[in-house]
Amino acid sequence: MIIAVRPGAAKEEVRVFASALEKQGVKIHFSEGASQTVLGLVGDTTGIDEEALKAHHLVEKVIRVQEPYKRANRLFHPEDTRIEVTGADGEVRRIGSGSLGIIAGPCSVESREQIVNIARDMKKAGAGFLRGGAFKPRTSPYSFQGLGVNGLDFLLAARKETGLPIVTELMAIHQLEVFDEVDIIQVGARNMQNFSLLKELGHCRKPILLKRGYANTITELLMAAEYIMAGGNDRVILCERGIRSFDSYTRNVLDISAIPALKKQSHLPVIVDPSHATGLSWMAPSMAKAAIAAGADGIIVEVHNNPEKALCDGEQSITPAAFTDLMGALRKYAEIEGKRL
Ligand code: PEP
Ligand code: MN
């Protein structure tokens, strides 16, 4: 971090200011020019409050050289992180560092029979994880809100039946009480910056699937991951799920460039949700393939046995048959990318 000191500032005052900064754990290099002093802060500057510095009367300008995230930063952790989850069948599933994680299932759990049947199909097609929402963040309070705790029970039944680890969304901290047996906790796009929730998940020992908010930048997504990691939980999976733009042809706009960007900036696995990104079932398979071709570590895709009758997101849900075809294609993509699937 570089601080340009306001011209004309009293030298003694600048020295006091600099030693106060050093107490925050950084070293300071002074460059004293004829008309301006520049302070170079070296070391871990993540704890330095940039906004407070800018407001200081001695400060003319602050330039951050390093990203404001540390634990999620590839700079401090060059090797890829791999998340491992053991299913009820004893089989270990991996996401990241050369392993593709395929998460598939309905938007929402609708009944025991529905989720168990889809889980069987997903397992047969080769999915690694089963998704299904029990607590649903819906835009309208009058839409189906999910089956709640019953939905979780049905997911657990599907897990028992197939061995597939389950991924489901947590909307509020108090729901953690009933998430004991969930394998991967999803934080939805709408909650990406729910900082109290993120902090709480930092104390949790389960992997967190963190979805990018639809109006959030790549840096904001990484800072959200940093919140979880700062609490001690470094098992975070980043998910690009489309961002808002001016064109309403698709539900969102899939930001494919977020994949290489996130992989460059961070060691965390990056997966893509082609279903919420496009809102269109016929488009989801091509976007899933594009994601793997662009270097993603997996996908989370909505699959429904009867999309026309789905209680949520039917239009973007592919059928089990389409998912089976997609898996066939993804195996070839994995081979080209030199990844395990
Ligand atoms: C979901 O995965 O069902 C979901 C609601 O996703 P998002 O948070 O990305 O909208
Ligand atoms: Mn959905």
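Look a little higher up for the structure.
To start, this report covers the structure provided alongside it. Worth saying up front: this structure is predicted, and the values here are computed from it rather than measured.

What counts, and at which threshold
- Counting restarts for each chain: residues are numbered from 1 in the order of the written sequence.
- Labels follow written order: the first chain is A, the first ligand is 1, and so on.
- Thresholds applied to this predicted model are a pLDDT of at least 70 for local features of residues and 80 or more for the giving and counting of side-chain atom pairs; totals over whole chains, interfaces and linings are not thresholded and use all residues.
- Side-chain calculation: all heavy atoms of the structure are included, whereas hydrogens and water are not.
- Axis definition: a line fitted to C-alpha atoms, over the contacting stretch in the case of helices. Angles run 0 to 180 degrees between N-to-C directions.
- Under the scheme used here, helices are H or I runs from DSSP no shorter than 4 residues and strands are E runs no shorter than 2 residues, and both carry numbers assigned from the N terminus.
- Every angle not falling under 35 degrees, over 145, or within 65 to 115 is termed oblique; those three ranges are roughly parallel, roughly antiparallel and roughly perpendicular.
- Contacts: residue pairs with any heavy atoms within 4.5 Å of one another.
- Gly falls in the polar group here, along with every residue not listed as nonpolar (Ala, Val, Leu, Ile, Met, Phe, Trp, Tyr, Cys, Pro) or charged (Asp, Glu, Lys, Arg).
- Here a cavity denotes grid points, spaced 1 Å and computed from the protein atoms alone, that fit a 1.4 Å probe unable to get out, and a pocket denotes an open set having protein on both sides within 12 Å along at least 5 of 7 lines; residues with an atom within 4 Å of a point are the lining.
- Grid points are joined across faces, edges and corners, and a volume is the space filled by probe spheres set on the points.
- It suffices for a single heavy atom of a residue to lie within 4 Å of a molecule or strand for the residue to be listed as near it.
- Counted as a polar contact is a pair of N or O atoms within 3.5 Å, where, for protein atoms, one must be capable of donating a hydrogen and the other of accepting one, and residues adjacent in sequence contribute only when both atoms are in side chains.
- Only the protein chains shown count as covering a residue, and every accessible area follows the Shrake-Rupley method with a 1.4 Å probe.
- In this description, a molecule resides in a pocket or cavity if more than half of its atoms sit within 2 Å of the grid points defining it.
- The donor set covers N, O and S atoms within 2.8 Å of the metal, switching to 3.2 Å for Na, K and Ca, and it leaves out water, so a site may look short of donors.
- Burial status follows relative accessibility: with a 1.4 Å probe on protein chains alone, a residue under 20% of its type maximum counts as buried, one over 50% as exposed, and anything between as partly exposed.
- By convention a nonpolar core is built from buried Ala, Val, Leu, Ile, Met, Phe, Trp, Tyr and Cys residues, the set being connected through side-chain atoms within 4.5 Å.
- A pair of strands is treated as paired once DSSP finds two or more bridges between them.
- Expected span of a helix, by definition, is 1.5 Å for each gap between consecutive residues, and there is one gap fewer than residues.

1. A closer look at the packing of helix H5 (residues 195-202) against helix H6 (residues 218-230)
Packing of H5 against H6 brings their axes to within 6 Å, and their N-to-C directions diverge by 45°. If you check the angle between H5 and H6, you find them oblique. The residues of H6 that touch H5, namely those facing Phe-195, Leu-198, Lys-199, Leu-201 and Gly-202, are Ala-224, Tyr-227 and Ile-228. Taken together, the residues of the contact of H5 with H6 break down into six nonpolar, one polar and one charged.

2. What to know about the layout of surface pockets
Its volume calculated, the largest pocket comes out at about 340 Å³. Along its surface, the largest pocket is lined by 22 residues, and Pro-137, Arg-190, Arg-241, Arg-251 and His-276 are the ones closest to its centre. Of the residues assigned to the lining of the largest pocket, the class counts are five nonpolar, seven polar and ten charged.

3. Description of the site of ligand 1
Every residue near ligand 1 is listed here: Arg-131, Lys-136, Pro-137, Glu-169, Gln-186, Gly-188, Ala-189, Arg-190, Lys-211, Arg-241, His-276 and Glu-302. In this structure, an oxygen atom belonging to ligand 1 sits 2.6 Å away from a side-chain N or O atom of Arg-241. When isolated, ligand 1 has an accessible area of 300 Å², and the protein chains bury 97% of it. Counting atoms within 2 Å of the grid points, the majority share of ligand 1 lands in the largest pocket. Among the residues making up the shell around ligand 1, the classes are represented as two nonpolar, three polar and seven charged.

4. Digging into the coordination of the manganese ion (ligand 2)
Distances from the manganese ion (ligand 2) to its protein donors, Cys-107 (SG), His-276 (NE2), Glu-302 (OE) and Asp-313 (OD), fall within 2.0 to 2.4 Å. Taken in chain order, the donor set of the manganese ion (ligand 2) reads C-x168-H-x25-E-x10-D. Highlighted residues: His-276 in helix H8 (residues 274-278) and Asp-313 in the loop between strand E14 (298-302) and helix H10 (320-337), separated in sequence by 37 residues. Per residue, the accessibility class of His-276 equals that of Asp-313, and both read buried.

5. Regarding the nonpolar core
The biggest cluster of nonpolar side chains holds 65 residues, and the ones touching the most others in it are Met-122, Leu-130, Leu-210, Leu-238, Ile-299 and Phe-323. Apart from residues no more than four positions distant in its own chain, Phe-323 is found in contact with Ile-102, Ala-104, Met-122, Ala-125, Ala-127, Val-301, Val-303 and Ile-318. Counting residues in each nonpolar core, the second largest holds 16 residues, with Val-5, Ala-18, Leu-39 and Ile-48 among its members.

6. Some points on the sheet that holds strand E2 (residues 27-32)
Spatially, E2-E3-E1-E4 is the arrangement adopted by the four strands of the open sheet, whose pairing is antiparallel. Here the strands that pair on one side only, and so sit at the sheet edges, are E2 and strand E4 (59-63). For this sheet the average axis-to-axis angle between neighbouring strands, irrespective of direction, equals 20°. Sitting on the sheet, helix H1 (residues 11-22) touches strand E1 (2-5), E2, strand E3 (37-42) and E4, and the angle it makes with E2 is about 155°.

7. Describing helix H3 (residues 112-125)
Along an α-helix, residues three or four apart share an orientation, since each turn contains 3.6 residues. Compared with an ideal rise of 1.5 Å per residue, which puts 14 residues at 20 Å, H3 spans 20 Å between its outermost C-alpha atoms and is within 8% of the ideal. Taken together, the buried positions of H3 are Gln-114, Ile-115, Val-116, Ile-118, Ala-119, Met-122 and Ala-125. Check the buried side of H3 and you find it contacts strand E7 (101-105), strand E8 (129-131), helix H4 (149-162) and H10.

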